[in-house]
Structures are given as C-alpha cells and as structure tokens.
Amino acid sequence: MSREKTQAPKQAETVTSEADVSRLKGERLKKLALLKESGINPYPYRFDRTHKAQVLQEKYKDLPNGVETQDEVKVCGRVLNERNTWLFVDLWDDSGKIQLFCHKDNLTEDQLKTLRMLDKGDFLGATGTVRRTNKGELSIKVTDFQVLGKSLLPLPDSWSGFTDVEARYRHRYVDMIIHPQVRATFAKRSQTIRYMRRFLDDHDFLEVETPTLQVEAGGADARPFVTHHNALDLELYLRIATELHLKRLVVGGMERVYEIGRIFRNEGISTRHNPEFTMMEMYCAYGDYNELMDFTEKMLRYVAENVLGTAEFSYQGQEISFAKPFRRLRMLDAIKEATGKDLGETETYQQALDIANELGVKVEKGNTRGHVINAIFEEKAEHLLQQPTFIIDYPVEISPLTKAHRSNPGEVERFELFVYGRELANGYSELTDPLDQRARLEDQASKKAAGDDEAMPLDLDFIMAMEYGMPPTMGIGIGIDRLVMLLTDSASIRDVIAFPTMKPRS
RNA sequence: GCACUAGUAGCUCAGCGGUAGAGCAGGCGCCUCUUAAGCGCUUGGUCGAAGGUUCGAAUCCUUCCUGGUGCACCA
C-alpha cells in the first residue's frame, strides 16, 4: 500500500511527459484544460436522456425532409464524426446514430467556443428539437449540450478503418467503438448464453457452480494449468472440465443440473482454441444418449431461432441448417463412407493399424484398436461433416467416463456433434457402474504414471460418490465459443472472446 | 513446437541500397444544411528491437520480439 503512495508522483510525471511526446494527446489535453478553465467539468456525473438514437429514427421515420418539429429531446453518446467544423455531429449510442445540428443561430457565443474544445471520441449529451434536414438526415437542432467525458486519444479514422488484427485484439474497446459489427457479435454471444440458459431452465434444470481450483484436474484429456495456494501451500490445478463435480451433484439427488463456465486447458492456441474458453455441461438423470441427442438438437434449434430469428444460417460461405433433423452416423460407418474401409472387421490393434498405414494415417497417440479407429476418423472423416452430424458409438478406449454400449462390444454410448467439420459437442450415456469406473480410471492413472500427461488422474472421491449409487444419466458438454462462432459467422475463436489470450508486448 | 507471412506517422498504406512519402486524422484560418469529404495553409517518424554487410540500410544478412495463417497439440 505504502509503495503505491510513493509511486504516485512518478505516475503524474509520466502523464506529463507523454503529453510532450504525443502531440495528438497534447492537443486534447490543451482542450481539456480549456474546458476546465471555462468552468466545465469534462467528467460529470450523469445525464438524463429521453431517447436512444434508434428510438428516434423509428419514431420519426416518416418525418419529411426539411421539416422541423417542436419536440424537445435529450440524447447522449460518443461523437464519432463531425462535418463542417462541428456543424454536423454524428452521435452514437448503443442503439445507433443520431445527427446533431449545431447551428450558430441556436447557440450562444460561449457554447460555440466550447464546441471548439471538443474532439471526435468525446461523450456528449445534447438537448434540442427534432428535425429532418433538407438532405434527409434526422437531426437534433441543438440548443444546449454538455461534455459527458473528454477523450484524450485519437480514434482510428472511420474511412480507412482499423484492420490491424493484433491491435484490435489487444485494445478490444477501440475495435468495438469503430466496428458496430463487433458489438453485435458480443451481443449475440450474450444472447446465445441467455437462450441456452432459458431452454435449460424451462426444462427444470438447476444451474450450479463447481470448483475452478482443483487438487486433481479430471473429466477430459487435456493438460491443466497449475497454480498455487499460499496459505495451504498447496499445488492446485485450474479445471479442464466440470464433469466429475456435476455428476457428484446427480449422485446427491440433483436430477437435472448444468453449469456454464470457464474451462482452462494448457494447450496450443489456434483459430479454434483459446486457453480459456466457455463450456456448457449438463447432466440429466434417467436419460440415455439417444434422448440426449433429441434434446441437444432441440436446444440448438431453439438457441439459433432466438438469437438469429432462424435456424438456418451461413457460416464462412457454407449454408448450415439447425432446422433439419441432424444426421446420426456410427463412427465406423463414417469411416467407411469416407474411406471405403470397414474397421468393424478388425479385431486387434495390429489389424486396425494395418488399415491406418494403408490409408496413410499416422497414429501417434495410444496403442489400442480404439485409438487407431479414432485417429482414422479424425483424419479422414471429420472434415466431411459439414451439416450437423452426430457421430455415435465411440471406441471404449478413448472414453473412460462413458457407459458401455448396450449391444456393441468394445464401444460406448457416446456421440460427438460435428458442424462445419468441427466438434461442437460431446455427450454420452454416463458410466454409472462404480466398479467399471474404478477399473477405467485406474487404467488412466497407470497411463498417466507412464508419462501420458493428458490421461486422467484417479479421483477416488468421484468413485466413492458413484459407489453410493448413481441413476442412469445422460450428460453433454457444448463449446459455447464454437457455437457463437457459427451463429456470428466468425472465422476465429478470438472474434467471439472479447479479450483473447495474447502474449504480452515487449 | 514447426512452416509460411507481416510489422514504416494516431489510422490505412506506398517506398525495397542513394536526403522517409501519400490519404485521412491533428493544428491554424476562413466557412455554417453536410453525409468518406466545405475551402486554404500546415505540424507530425527510434521505418518492431539488436547486431552485421556497405562509402551509404526502412530496403540486404543474422538473431530476437509481437501478430496472422496453416500444421502439431486439443475442444
């Protein structure tokens, strides 16, 4: 605390020297000083607006050109453009634009002087009457105005735009000021979560919260972030999934639960991966994966219809339909469709590996028939799945938390949903047999001990929970960021995460 | 982690061995019914960083930093 105080004067010096260095900021600091000298507070407390821009545009849409009303309104927002030396000012709020008409006939000498102390980027509140100019622009004939927040830094110019991707991610607020599209994307992100939540709530689910800090990070194959708790002198992991805790709640009698939360995985960054991302996981007692696919389909359709107004949309030039029934395809059949090879005829790791070699698929992870099948699927079939497709019946070896298939040996009742060749969701009939679960997790733990840092740890309390008895349960995880990418036609996951993970500068 | 690619004024870009440029933004003045944009004049740069080659480097070479795209990892 005392350290901060001693540093305070130094910070003040920095601001001054920056002003010397940056002439653009310096010009604005001069205007700020001028405002203060004129007795104006450039950072006041509030403004009572009567209308948002969009409301006025709508209300006066039939007002003819050149017609003035006597209707007095108060509007406020950020100045993004100015023409004819502040005669015309484009004021933007979160609904849209309204033009201010600042004619000298309607303003005092002092007000005209104040007008010259403004900059693009400033927040302004204006009072005046509604009129439409001869050229057809709805405007406020300003009779009074207040500075609501002085801006000290220049915005990118609106004509050439703001295209430096790095700058847009690092300074998202500028990106959002300049690009209404970006604001719209994040509004849709919010709505996506809202309607998913509403759908689940309407189906009697309870929203819950489970620990982010965990002693062992389980529930998925991924490397975790490590952190440290000082008071306990304890190494902790950031969660890589919410699954194991949500299932404990099902054991506890909460029959329908879900969590929408941040997940952390210590993996590479790409257009489809951010180290922290948002996942919706839900668990529902007494259902199986067949029912879960029906449910998922309905939920996604509901979300799309409410966010977009339609369940059919275009993603990166590809028409995607959430309206039509989603195709359901066994993994082995997907491989057969893609390659002509029937892995169902193989029985051993070696037989499967021979086919992989024949297809030129490298199997770099795992040494079981299931791993080979999965590798072939991922390399040969996955990218073909453009329209929503449930790939069902996965190999047991890559699914340690999933119930064995009721009729196909070696398989589990699991599906993944693919859209545009990308995984969007992962669901299954949950494994509820504690003896089977213990055996599978012990197998995982031995792999972990053997050096597989993505294998799951042995969570004994999770097994104990299951030993108390668990009902048949269906459960799914949906990648929210990827869903938002689809609904907003965003090419990169960074476009749907307001503050994506970036390396620090210098 | 690997490959390719980029970094020049506040923004968008040109320049690719010979004195750092343009448009917009900014400043000053005039102007007051404009829509990218009234008119005139004008300020503005560690060319991402550090080395090297050269008489001379924004430009060529090396290393590093930070992005983007693809691959790998993964969801």
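A few words now on the sheet that holds strand E6 (residues 206-207). Spatial strand order, E6-E10-E11-E18-E17-E16-E15-E14: eight strands in an open sheet with mixed pairing. Of all strands in the sheet, those with a lone pairing partner are E6 and strand E14 (327-330), marking the two edges.

Turning to the protein's contact with RNA strand B, a few remarks are in order. In the region of RNA strand B, 53 residues are neighbours, and His103, Lys135, Glu166, His273 and Glu423 sit closest. For RNA strand B, the fraction of protein-proximal atoms (within 4 Å) that sit in sugar or phosphate groups is 59%. One of the backbone nitrogen or oxygen atoms of Asn274 is found 2.5 Å away from a base nitrogen of RNA strand B. Only helix H2 (23-37), strand E1 (68-83), strand E3 (96-101) and helix H5 (165-170) provide two or more residues apiece to the surface near RNA strand B.

Attention now goes to the nonpolar core. One finds Met196, Leu200, Met280, Met282, Met299 and Phe322 to be the most contacted residues of the largest nonpolar core, which totals 45 residues. Residue contributions to this core peak at nine residues, all from helix H9 (residues 289-308). Discounting residues that sit within four places of it in the chain, Leu200 has contacts with Phe205, Tyr258, Met280, Met282, Phe295 and Met299. Core analysis: the next-biggest nonpolar cluster, separate from the first, contains 26 residues, Leu63, Val79, Ile98 and Leu124 among them.

Our next topic: the domain arrangement of chain A. According to the domain assignment, chain A consists of domain 1 (3-157) and domain 2 (177-326 + 387-495). Relative to domain 2, the C-alpha centre of domain 1 lies at a distance of 46 Å. On the domain 2 side, the residues contacting the six residues of domain 1 number four residues. Together domain 1 and domain 2 conceal approximately 400 Å² of surface at their shared face, both sides included; 73% is due to carbon and sulfur atoms. Our count for the contact surface shared by domain 1 and domain 2 stands at zero salt bridges. Our count for the contact surface shared by domain 1 and domain 2 stands at zero residue pairs in polar contact (both at pLDDT 80 or more).

We now examine the pairing of strand E9 (residues 234-238). A regular strand places its side chains so that they alternate between the two faces of the sheet. With two bridges joining them, strand E7 (residues 213-214) and E9 adopt antiparallel strand pairing. Across the sheet, the residue bridging to Leu213 is Leu238, located in E9. The pairing of strand E8 (residues 226-229) with E9 spans four bridges and is classified as antiparallel. Opposite His229, over in E9, you have Leu234 as the bridge partner. Connecting the antiparallel pair E8 and E9 is a turn made up of four residues, with Asp233 showing a positive phi of about 45°.

Right, let's talk about the sheet that holds E9 for a bit. The strands making up a sheet associate through backbone hydrogen bonding, with each pair oriented either parallel or antiparallel. Sheet architecture is open: three strands sit in the order E7-E9-E8, paired in antiparallel fashion. Edge positions in the sheet fall to E7 and E8, since each of these pairs with one other strand and no more.

Where helix H7 (residues 180-202) meets helix H15 (residues 480-488), the axes come as close as 10 Å, and the angle between the chain directions of the two elements is 120°. Viewed along their axes, H7 and H15 adopt a mutual orientation that is oblique. For the crossing formed where H7 meets H15, the hand is right-handed. For the pair H7 and H15, contact is made by Thr185, Lys188, Arg189, Thr192, Ile193 and Met196 and by Ile480, Asp481, Leu483, Val484, Leu487 and Thr488, respectively. A breakdown of the residues in the contact of H7 with H15 according to their chemical character gives six nonpolar, three polar and three charged.

This part is about the pattern of salt bridges. Summed over the entire model, instances satisfying the criterion amount to 41 salt bridges. Its salt-bridge partner being Glu207, residue Arg197 comes within 2.8 Å of it at the nearest N-O pair. One end of the pair, Arg197, is in helix H7; the other, Glu207, is in strand E6, and 10 residues separate them in sequence. By relative accessible area, which is 28% here, Arg197 ends up partly exposed. Glu207 sits in the partly exposed class, given a relative accessible area of 40%. Salt-bridge contacts for Arg223 lead to Glu267; the nearest nitrogen and oxygen are separated by 3.6 Å. On the criterion of sequence distance, the pair formed by Arg223 in the loop between E7 and E8 and Glu267 in the loop between strand E10 (256-264) and strand E11 (276-285) is long-range, its members being 44 residues apart.

Scanning all chains against the criterion turns up 11 aromatic pairs. With centroids separated by 5.2 Å and ring planes inclined at 50°, the aromatic side chains of Phe199 and Tyr302 adopt a geometry described as tilted. You can see Phe199 sitting in helix H7 and its partner Tyr302 sitting in helix H9, a full 103 residues away along the chain. Taking the centre distance of 4.8 Å and the plane angle of 85° together, the rings of Tyr315 and Tyr420 count as edge-to-face.

Below, the discussion takes up unusual backbone geometry. One non-glycine residue with positive phi stands out, namely Thr85, at about 50°. Tracing the backbone through its elements, the reader meets Thr85 in the loop between E1 and strand E2 (88-93). Even without a glycine there, the phi angle at Asp489 is positive, about 55°. With respect to the helices and strands, Asp489 occurs in the segment after H15.

A word on a nonpolar patch on the surface. Among the surface-exposed residues, Val215, Leu232 and Leu234 lie close enough to one another that they form a single nonpolar patch of about 270 Å² accessible area. Its relative accessible area of 30% is what places Leu234 among the partly exposed residues.

Moving on to the side chain of Thr346. Following the sequence through the fold, Thr346 ends up in the loop between helix H10 (331-339) and helix H11 (349-359). Exposure remark for Thr346: the relative accessible area of 7% places this residue in the buried category. A polar atom in the side chain of Thr346 sits 2.6 Å from the backbone oxygen of Leu343. Looking at Thr346, its side chain comes within polar contact range of the side chain of Arg369, at 2.9 Å. Filtering out sequence-adjacent residues up to four positions away, Thr346 remains in contact with Gln351, Ala352, Ile355 and Arg369.

Cut-offs used in this document
Residues numbered from 1 in each chain as written. Chains lettered and ligands numbered in written order. Predicted model: local features only at pLDDT ≥ 70, side-chain atom pairs only at ≥ 80, totals over all residues. Heavy atoms only, no water. Pairing = 2+ DSSP bridges. Helix = DSSP H or I, 4+ residues; strand = E, 2+ residues; numbered from the N terminus. Near = heavy atom within 4 Å. Polar contact = N/O pair within 3.5 Å; in protein donor to acceptor, adjacent residues only side chain to side chain. Core = buried A, V, L, I, M, F, W, Y, C linked by side-chain atoms within 4.5 Å. Buried < 20%, exposed > 50% of the residue type's maximum accessible area, 1.4 Å probe, protein only. Contact = heavy atoms within 4.5 Å. Domains from an automatic or database assignment. Buried area = accessible area lost by both parts, 1.4 Å probe. Salt bridge = Lys/Arg side-chain N within 4 Å of Asp/Glu carboxyl O. Axes fitted to C-alpha atoms, helices over the stretch in contact; angles between N-to-C directions. Parallel < 35°, antiparallel > 145°, perpendicular 65-115°, else oblique. Left-handed = near helix turned anticlockwise from the far one by under 90°. Nonpolar A, V, L, I, M, F, W, Y, C, P; charged D, E, K, R; others polar. Phe/Tyr/Trp six-rings, centres within 6.5 Å; stacked < 30°, edge-to-face > 60°. Patch = residues over 30% accessible without salt bridge, like charges linked within 9 Å, V, L, I, M, F, W, Y side chains within 5 Å. Areas by Shrake-Rupley, 256 points an atom, 1.4 Å probe, with all protein chains shown as cover.

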